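# Coordinate analysis (summary)
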Amino acid sequence: MKLLKIACLLLLLSGIVCSCGTAAEEAEPEEMQPVSEEAEPGEEPSRLPLSEVKSVTLYSRGLREQELSEAESAEVLDALAEVEWYGTGSQSYLDYDGCGGRMFRLELEDGGTVKFGASSPFYIIDESGYKSEYRVCQAISKVYWKLNDKYFGDMSWRPLPHDR
């Protein structure tokens, strides 16, 4: 046990955090902790209002836009059908490299819009990040990149402007 404590002390001195089981681990600073997005007992997940969508617009990575055909929109909506989340979301997705904010804009029958992106580990809905399911993000990304290549080709590589 004495050897383990010495090893932990050496690791701590070298800048690596180690817990020897004798002291409580230090919590991350509040701004770095992920928002708790686990379901409360009896809480129903939130879902996108897919039955109210009248059109879908595709964003390129450089935020150029293309309104999708009815068949393409149906393909996107099928991929989005499994999206569900809990909680109020956060801006913590901005701390991750590669988390682009927009893939699709959903125009609703009532005139409202929903801006949606999926970049594991987040769904990004109207610029708030929610804990995502990897498998669902991958399915959405597959549809997104297929349509992105069709409409924007090799120009899609341009970086996404931050918070545009």
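What you see is a predicted model; the values in this text were computed from it and never measured.

## Remarks on the packing of aromatic side chains
For the structure on display, the rule yields five aromatic pairs. Ring geometry for Trp85 against Tyr130: centres 5.3 Å apart, planes inclined by 45 degrees, an arrangement best described as tilted. In this pair, Trp85 sits in strand S4 (residues 84–85) while Tyr130 sits in strand S8 (residues 128–131), placing the two residues 45 residues apart along the sequence. Both residues of the pair, Trp85 and Tyr130, belong to the buried class.

## Section: the sheet that holds strand S3 (residues 65–67)
Hydrogen bonds along the backbone pair up the strands of a sheet, which may run parallel or antiparallel. Strands sit in the order S3-S2-S5-S6-S7-S8 across an open sheet of six strands; the sheet is antiparallel. With one partner strand each, in any of the chains shown, S3 and S8 form the two edges of the open sheet. Averaged over all pairs of adjacent strands, the angle between their axes in this sheet comes to 25 degrees, without regard to strand direction. Here helix H2 (residues 70–80) sits on the sheet and contacts strand S2 (53–59), strand S5 (104–108) and strand S6 (113–119); the angle it forms with S2, its principal contact strand, is near 90 degrees. On the sheet, helix H3 (residues 134–152) packs against S2, S3, S5, S6 and strand S7 (122–125) and is oriented at approximately 70 degrees with respect to S2.

## Quick look at the pairing of S7
Side chains Phe122 and Ile124 of S7 all project onto a buried face; the interleaved residues Tyr123 and Ile125 project onto the opposite face, where all are buried too. The hairpin formed by S6 and S7 contains two residues between the paired strands. In this structure, S7 lies alongside S8, joined through four bridges in antiparallel fashion. Considered in S8, the bridge of Ile125 is made with Ser128. Between S7 and S8, which pair antiparallel one after the other, the connecting turn spans two residues, and Asp126 there sits at a positive phi close to 50 degrees.

## Considerations on the nonpolar core
Membership of the largest hydrophobic core comes to 28 residues, with the highest contact counts inside it found for Leu80, Val83, Phe104, Phe116 and Ile140. At the level of elements, S2, H2, S5, S6, S7 and H3 are the ones that each hand at least two residues to this core. By residue number, the principal contributor to this core is H3, which donates seven residues. Non-local contacts of Phe116, meaning those with residues more than four positions away in its chain, are made with Leu48, Leu80, Val83, Gly101, Arg102, Met103, Phe104, Tyr123, Ile124, Ile125 and Ile140.

## Regarding H2
It helps to recall that an α-helix has 3.6 residues per turn; residues three or four apart then point in one direction. Residues Glu72, Ser73, Val76, Leu77, Ala79 and Leu80 constitute the buried set of H2. The buried residues of H2 occupy one face: seen down the axis, they fall within an arc of 155 degrees. Projecting away from the buried face of H2 at angles above 90 degrees are the exposed residues Glu70, Ala71 and Asp78. Taken together, the buried residues of H2 touch S2, S5, S6 and H3.

Definitions and cut-offs
Residues numbered from 1 in each chain as written. Predicted model: local features only at pLDDT ≥ 70, side-chain atom pairs only at ≥ 80, totals over all residues. Heavy atoms only, no water. Phe/Tyr/Trp six-rings, centres within 6.5 Å; stacked < 30°, edge-to-face > 60°. Helix = DSSP H or I, 4+ residues; strand = E, 2+ residues; numbered from the N terminus. Buried < 20%, exposed > 50% of the residue type's maximum accessible area, 1.4 Å probe, protein only. Pairing = 2+ DSSP bridges. Axes fitted to C-alpha atoms, helices over the stretch in contact; angles between N-to-C directions. Contact = heavy atoms within 4.5 Å. Core = buried A, V, L, I, M, F, W, Y, C linked by side-chain atoms within 4.5 Å. Arc of directions from axis to C-beta.

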